[in-house]
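Listed here are the chains, written in short residue letters.
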Amino acid sequence: MTALLNVPSDAWTIGAPRLLAGLDRYATLDHAAHTLSHGPLPSTDRPRLVALLDAIALTGRGGAGFPFAAKVRATPDGATVIVNGSESEPASRKDRTLLARAPHLVLDGAVAVAGAVRARRVTVAVHDAAAAAAVQRAIAERAEIGYVRVEPSPGGFVGGEARALHRALRGGPARPPGRRQHLTRQGTLLSNAETFAQVAVALRLGAHRFRETGPLAEPGTALLTVSGAVARPGVVEVPISTPLGIVLDAAGASDPRAVVLGGYHGAWRLPRPDVPLAPSTGLGAGVVAVLDDRTCALGELARVTAWLAAQSAGQCGPCRFGLPALARDVASVLQGGDPALALHHARIVDGRGACHHPDGVARFVMSGLARLGDDIERHRSGGCGRPVLGQLAVPG
């Protein structure tokens, strides 16, 4: 039977902790507590690191799910390593939790990767002030990593996208430059904070022990941010492919009606207890946002869609015109209108933008309308009578 460990309410585990090890005893792991909890960091080089990453099939944990070994393999010597700690997904707090409470684990992974690719510098890009301060303190504890620097990252949903962040750090606008721009070809290896923390864990455990948790095809653990209609919100570490029902029970979701998996570029799902939570099943940014019958789910969909439309990069027609039109369409469904126009607009913007933001919004809207058929019929007949409680969080 899976054990639920007694750790602080904002960070807890199902099963044995790896990334969150030590956080049941310390609010933040300084270097001494970090070393006591995780042990020393083994040395590595590019061939050994790539072999390890291939063996554990590690994919990026920021949402895109790209094989991390391929990034390391393609990165030229002398590159720049960037830790993306922006976490512009409103429903996610996992990267901020790692940076604020276990910063040395993220730094370990970044430093190990930097050494393997002979990087000139390491940049940790952070939007949250508390997380940035924690990383600064951690760097100050380790004289040997003085080449690591913390840089403020831009706000905004699109600004946290890898290429947008890279552009902003070089003094440009925080907008993605286009779908076909590959950072490794520009001498940059960029991934999110959890990915680098996973590298640090894997180096200590080795491939065999790392693969003892989770399925063979996707071994290891993952961090989830559980929010919404739950008694115990927070960041939880779980073995990959843990059934959704176990997470919902542990978080105290007494009567879930719908779940948004992966974040606001993810999808609405029925709360089926047997759904495995894994990168290959749409885990995305590690978001599990729960809705129950107290809130108007269609109103939640309209509210988040309007916010996503306002986050447009504004550099192509699908973002500038398509997303606002889509938000108006969803709002009209809330007032009893026909969802056909919203679905039509979602299909038009999908795959046609200069970046992937329109694709993600279209996926969020289409999956929401597909799951909320009963709500749509109620609103056609005068409304559901429920308030919009904000169980899906948006800034402001």
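Note: the structure precedes this text.
Below is a short write-up of the structure. (Residues numbered from 1 in each chain as written. Predicted model: local features only at pLDDT ≥ 70, side-chain atom pairs only at ≥ 80, totals over all residues. Heavy atoms only, no water.)

## Considering the sheet that holds strand β1 (residues 11–13)
Put simply, the rule reads: By the convention used here, strands pair only if DSSP detects at least 2 bridges between them. For helices the rule is a DSSP run of H or I covering at least 4 residues; for strands it is a run of E covering at least 2, with both sets numbered from the N terminus onward. Note on geometry: axes are lines fitted to C-alpha atoms, helical ones only across the stretch in contact, with angles between N-to-C directions running from 0 to 180 degrees. Contacts are assigned to residue pairs that have any heavy atoms within 4.5 Å of one another.
Ordered in space as β1-β7-β6-β12-β9-β10, the six strands form an open sheet in which the pairing is mixed. What marks the edges here is a single partner per strand, and that holds for β1 and β10 (267–269). Along the sheet, successive strands turn relative to each other by an average axial angle of 25 degrees, direction set aside. Judged from the six bridges that link them, strand β6 (residues 221–228) and strand β7 (residues 234–239) form a sheet pairing that is antiparallel. Paired with V226 across the two strands is G234, which belongs to β7. Docked against the sheet, helix α13 (residues 357–371) engages β9 (258–261) and β10, running at close to 20 degrees with respect to β10.

## Observations regarding the pattern of salt bridges
Here is the rule we go by: We count a salt bridge whenever a side-chain nitrogen from Lys or Arg sits within 4 Å of a carboxyl oxygen from Asp or Glu. Any residue under 20% of the maximum accessible area for its type is buried, any over 50% is exposed, and the rest in between are partly exposed; the area is computed with a 1.4 Å probe on protein chains only.
For the structure shown, the criterion picks out 22 salt bridges. Close ionic contact of K94 with D95 constitutes a salt bridge, the shortest N to O distance being 3.6 Å. A relative accessible area of 2% places K94 in the buried class. Judged by its relative accessible area of 5%, D95 falls in the buried class.

## Some remarks on the packing of helix α5 (residues 103–116) against helix α8 (residues 193–210)
To keep things clear, this is the line we draw: By the definition adopted for this analysis, an angle is roughly parallel if under 35 degrees, roughly antiparallel if over 145, roughly perpendicular if from 65 to 115, and oblique otherwise. Residue type decides the class: Asp, Glu, Lys and Arg count as charged, Ala, Val, Leu, Ile, Met, Phe, Trp, Tyr, Cys and Pro as nonpolar, and the leftover types, Gly among them, as polar.
Where α5 contacts α8, the axes come no closer than 7 Å and their chain directions differ by 80 degrees. One way to sum up the angle between α5 and α8 is to call them roughly perpendicular. Between α5 and α8, the residues in contact are L105, V106, D108, G109, A110, A112 and V113 and A193, F196, A197, V199, A200, V201, L203 and R204, respectively. When grouped by side-chain class, the residues that make up the contact of α5 with α8 number twelve nonpolar, one polar and two charged.

## Observations concerning the packing of aromatic side chains
Operational definition: Stacked, edge-to-face and tilted labels apply to pairs of Phe, Tyr and Trp rings (six-membered ring for Trp) whose centres lie within 6.5 Å, assigned for plane angles under 30 degrees, over 60, and everything in between, in that order.
Inspection of every chain in the model, using the stated rule, returns four aromatic pairs. Arranged with centres 5.8 Å apart and planes meeting at 85 degrees, the rings of F68 and F196 form a pair that is edge-to-face. On the criterion of sequence distance, the pair formed by F68 in helix α3 (residues 68–74) and F196 in helix α8 is long-range, its members being 128 residues apart. With relative accessibility at 0%, the residue F68 sits in the buried group. We classify F196 as buried; its relative accessible area is 0%.

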